[in-house]
Amino acid sequence: MAERSNPFATRFIQPGQQFVEPPGFPGAEALLDRFRCHRSWGQIVGPHGCGKTSLARALVERIRPEFRKAHFMVIRRSAKTGDRCEIVTRVHGQGEGELWVVDGLEQLSLLQRYCLIGHCRHRKCSLLVTSHRALWGVPVLIRLLPSFSHFSQIDDSLTDSTSLPLDDAMVKRVYDEHEGDYRSEEHTSELQSRQYLV
């Protein structure tokens, strides 16, 4: 049996790979208007794998010309303590007209978050963050929630003509079992074993 490409594999849906607008999405310009109204501060909130990183990257591409410099920093659970401290230190040395994008702010300790937010306010830097939960000190721009209809849109955008069609009932069952985590390793493995081995 020849193994077909699985469109849900991690290599295709790493954080930031692409943003597929969910149902009811207000639009990038509406979010940017909110961002500017909050003096270019805001956070994108949502559970793992719902599109926070992708949306942050899409917004940054639109507003990059408005800033002297834009920094995009990704913090993952596996990040070492020293790396997390370095992020806070880097922000401390910057100034007005710069945009700091911190993907995964909740991975910093409470003290580190307090210092980073404080440095940005003191230095008059702009700040866009993503987080699994709403965090103190940064206005919420949007809360992204997983839904099966959004999952289906992502499926359509990732599945190519060489892939076998997915059975909606099976995909819905797997989606429910993994509580809407689009990038769950178990989710990926089950879809692969059921639909992409022919």
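These notes cover the structure that comes with them. (Residues numbered from 1 in each chain as written. Predicted model: local features only at pLDDT ≥ 70, side-chain atom pairs only at ≥ 80, totals over all residues. Heavy atoms only, no water.)

Quick look at the pattern of salt bridges now. Under the defined criterion, the tally for this structure stands at 5 salt bridges. Across the salt bridge formed by Arg 62 and Glu 29, the nearest N and O atoms sit 2.9 Å from each other. Of this pair, Arg 62 sits in helix α2 (residues 52–63) while Glu 29 sits in helix α1 (residues 28–37); the two residues are 33 residues apart in sequence, bridging distant segments of the chain. Residues participating in the shared-partner salt-bridge network are Asp 33, Arg 36 and Glu 66. (Salt bridge = Lys/Arg side-chain N within 4 Å of Asp/Glu carboxyl O. Helix = DSSP H or I, 4+ residues; strand = E, 2+ residues; numbered from the N terminus.)

This paragraph deals with α2. In this model α2 runs 17 Å from its N-terminal to its C-terminal C-alpha over 12 residues, within 8% of the 16 Å that 1.5 Å per residue would give. Each element contacted by the buried residues of α2 is listed here: α1, β1 (41–45), β2 (69–74), β3 (98–103), β4 (126–131) and β5 (140–143). (Expected span 1.5 Å × (residues − 1). Contact = heavy atoms within 4.5 Å.)

With that settled, the discussion passes to the nonpolar core. Counting residues in each nonpolar core, the largest one holds 19 residues, and the members touching the most others are Phe 35, Ile 44, Leu 55, Leu 59, Leu 99, Leu 128 and Ile 142. At the level of secondary structure, the elements contributing two or more residues to this core comprise α1, α2, β3 and β5. Considering every element that reaches this core, the biggest residue donor is α2, with 5 residues. Once residues lying within four places of it in the same chain are set aside, the contact partners of Leu 55 are Phe 19, Phe 25, Leu 31, Ile 44, Ile 142 and Leu 144. Judged by nonpolar contacts, the second largest core, of 18 residues, contains Met 73, Val 102, Cys 125 and Leu 127. (Core = buried A, V, L, I, M, F, W, Y, C linked by side-chain atoms within 4.5 Å. Buried < 20%, exposed > 50% of the residue type's maximum accessible area, 1.4 Å probe, protein only.)

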